[in-house]
Amino acid sequence: MRVHPTRQEMIELTGAWRGDRFDDGRPRVPDDVLKRLREATTEQAWSVLLDNGYPRQFAGGWRQTHPGTILVGRAVTSQFLPHRPDYDAVVVAAGAREGHLEPDRQNSWIIESLQEGDVMVTDIFGKVVEGTVIGDNLGTAVATRTHAGAVIDGGIRDFQGLTGLERVNIFFRDVDPTPIRDVVLAGINIPVRIGGATVLPGDVVLGTPSGLSFIPAHLAVRVAEVSDDIRVRDVFGKLRLAERAYTSAEIDVPTWAGHIEQDFQQWKRDADPG
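No experiment lies behind these values; they were computed from the predicted model shown. (Residues numbered from 1 in each chain as written. Predicted model: local features only at pLDDT ≥ 70, side-chain atom pairs only at ≥ 80, totals over all residues. Heavy atoms only, no water.)

A.B. asks: I would appreciate a short explanation of the nonpolar core in the present structure.
C.D. replies: Grouped burial of nonpolar side chains is what soluble globular proteins tend to show. Within the largest apolar cluster, 28 residues are counted, with the highest numbers of intra-cluster contacts made by Ile111, Met120, Ile134, Ile152, Ile170, Leu185 and Ile188. Looking at this core element by element, the count peaks at four residues for strand 8 (residues 183-188). Once residues lying within four places of it in the same chain are set aside, the contact partners of Leu185 are Val3, Ser78, Gln79, Phe80, Tyr87, Val91, Gln106, Trp109 and Ile110. By size, the runner-up hydrophobic cluster in this structure holds 19 residues, among which are Leu37, Val48, Val72 and Leu206. (Core = buried A, V, L, I, M, F, W, Y, C linked by side-chain atoms within 4.5 Å. Buried < 20%, exposed > 50% of the residue type's maximum accessible area, 1.4 Å probe, protein only. Helix = DSSP H or I, 4+ residues; strand = E, 2+ residues; numbered from the N terminus. Contact = heavy atoms within 4.5 Å.)

Given below as structure tokens:
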């Protein structure tokens, strides 16, 4: 077995993505798209995913180390299972072949895989007591490598230290002082379940005060486009309401009347003549 999939396996797993990829085959959604998605809301993302047949990409009910800080990045997924000695021996041997030489620190193997703009997404089956995937030391490594953060469907420790990190937000289920124990790493950059969502490596993670959206890489641009359009329409709508050009009943509808839409399109052209 392998801890990490091969490049070809990664390409097959994420075959809907047609853009750039990392050396290991993971989809590389462009940085400018990630930047635009920082302005997107959960509801905007969900509506696009629903329209495209992905209604189960949201997970709520989280604690955060930095509430109010929007989390955006490319998922590096991982999964832990309850410990089983014979399987653990297989994982340790596979890890050694791939250069992971600390068999008792399998959570650190994940962090070694992280790059700037990544989000560590770990399914540890909701375990909190002895399910603390990171503390302040590994959390510092996550922050330094990614400048984004992590999603831990389980526990963390050293909460006070983690809250002192900068340029990062970590979503987690709860806090416990115990170290991580009695689990075994099932794999890195494999499909995982977070809440009711299936997450693939390279998905864009959007973390807001509402919760977490896992946007398939091939839909990230579409979510950004819809979010951009909605924000511009909000500016126009509020401007025209302030001018009393239209009533709230005319503006606060899913689809504007033809004359309002024409006005909006002309307003956009005037604002950006290039």
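A.B. asks: Can you walk me through a nonpolar patch on the surface in this structure?
C.D. replies: Taken together, the side chains of Trp46, Leu50 and Phe58 present a nonpolar region at the surface, about 260 Å² in accessible area. Secondary-structure assignment places Phe58 in strand 1 (residues 58-59). (Patch = residues over 30% accessible without salt bridge, like charges linked within 9 Å, V, L, I, M, F, W, Y side chains within 5 Å. Areas by Shrake-Rupley, 256 points an atom, 1.4 Å probe, with all protein chains shown as cover. Salt bridge = Lys/Arg side-chain N within 4 Å of Asp/Glu carboxyl O.)

A.B. asks: Please clarify how the side chain of Asp88 should be interpreted in this entry.
C.D. replies: Here Asp88 is to be found in helix 4 (residues 85-97). One buried charge, Asp88, has no salt-bridge partner; the nearest side chain with opposite charge is Arg84, at 11 Å. If we ignore the near neighbours within four places in the chain, the residues touching Asp88 are His83, Gln106 and Val184. (Lys, Arg positive; Asp, Glu negative; His and termini not counted.)

A.B. asks: What am I meant to see in the pattern of salt bridges here?
C.D. replies: Side chains that differ in sign of charge can pair as their charged atoms come close. Following the criterion strictly, the structure yields 14 salt bridges and no others. Two residues, Arg74 and Asp31, come together in a salt bridge whose shortest N-O distance is 2.5 Å. In this pair, Arg74 sits in strand 3 (residues 71-82) while Asp31 sits in helix 2 (residues 31-37), placing the two residues 43 residues apart along the sequence. Salt-bridge contacts for Arg36 lead to Asp228; the nearest nitrogen and oxygen are separated by 2.7 Å. Here Arg36, found in helix 2, pairs with Asp228, found in helix 8 (residues 220-242); they are 192 residues apart in sequence, far enough to count as distant.

A.B. asks: Before we go on, may I ask you to explain the pairing of strand 7 (residues 169-175) in this structure?
C.D. replies: A regular strand carries its side chains on alternate faces of the sheet. Sheet topology places strand 2 (residues 63-64) next to strand 7; two bridges connect them, and they run antiparallel. By the bridge assignment, Gln64 is partnered in strand 7 with Phe171. Where strand 6 (residues 149-156) and strand 7 come together, six bridges link them in parallel fashion. Looking at strand 7, one finds that Ile152 is bridged to Phe172. (Pairing = 2+ DSSP bridges.)

A.B. asks: Just to check I follow, could you spell out unusual backbone geometry for this structure?
C.D. replies: With the exception of glycine, the majority of residues adopt a negative phi angle, and the majority of peptide bonds are in the trans configuration. Despite not being glycine, Phe125 shows a phi value in the positive range, around 50°. Assignment of secondary structure puts Phe125 in the loop between strand 4 (118-123) and strand 5 (132-134). On the accessibility criterion, Phe125 (39% relative accessible area) is partly exposed. Phi at His147 is positive, roughly 55°, even though this residue is not glycine. Looking at where His147 falls in the secondary structure, it is placed in the loop between helix 6 (136-146) and strand 6.

A.B. asks: Would you mind showing me how to read the packing of aromatic side chains here?
C.D. replies: When we look at a pair of aromatic rings, we describe it by the centre distance and by the angle of the planes. Going through the model one piece at a time under the given rule, you end up with six aromatic pairs. Centroid distance Phe236 to Phe264: 5.3 Å. Interplanar angle 65°. Geometry classified as edge-to-face. Taken together, the residues Phe236 in helix 8 and Phe264 in helix 10 (residues 258-271) connect sequence positions 28 residues apart. Aromatic rings pair up to connect Phe236, Trp256, Phe264 and Trp267 into one cluster. The positively charged end of Arg63 is found above the aromatic ring belonging to Phe159, 5.4 Å away from the centroid. It is Arg173 that lies over the ring of Trp62; its NZ or CZ is 3.5 Å from the centre. (Phe/Tyr/Trp six-rings, centres within 6.5 Å; stacked < 30°, edge-to-face > 60°. Lys NZ or Arg CZ within 6 Å of the ring centre and 35° of its normal.)

A.B. asks: Mind showing me how you'd approach the pairing of strand 4 here?
C.D. replies: By the criterion of burial, strand 4 is predominantly enclosed, with six of the six residues buried. Neither face of strand 4 is left uncovered, since the one carrying Asp118, Met120 and Thr122 and the one carrying Val119, Val121 and Asp123 both have all their residues buried. Alignment of strand 3 against strand 4, held across six bridges, turns out to be parallel. Of the residues in strand 4, the one forming a bridge with Ala75 is Val119.

The values reported here are purely geometric and, on their own, carry no functional implication.
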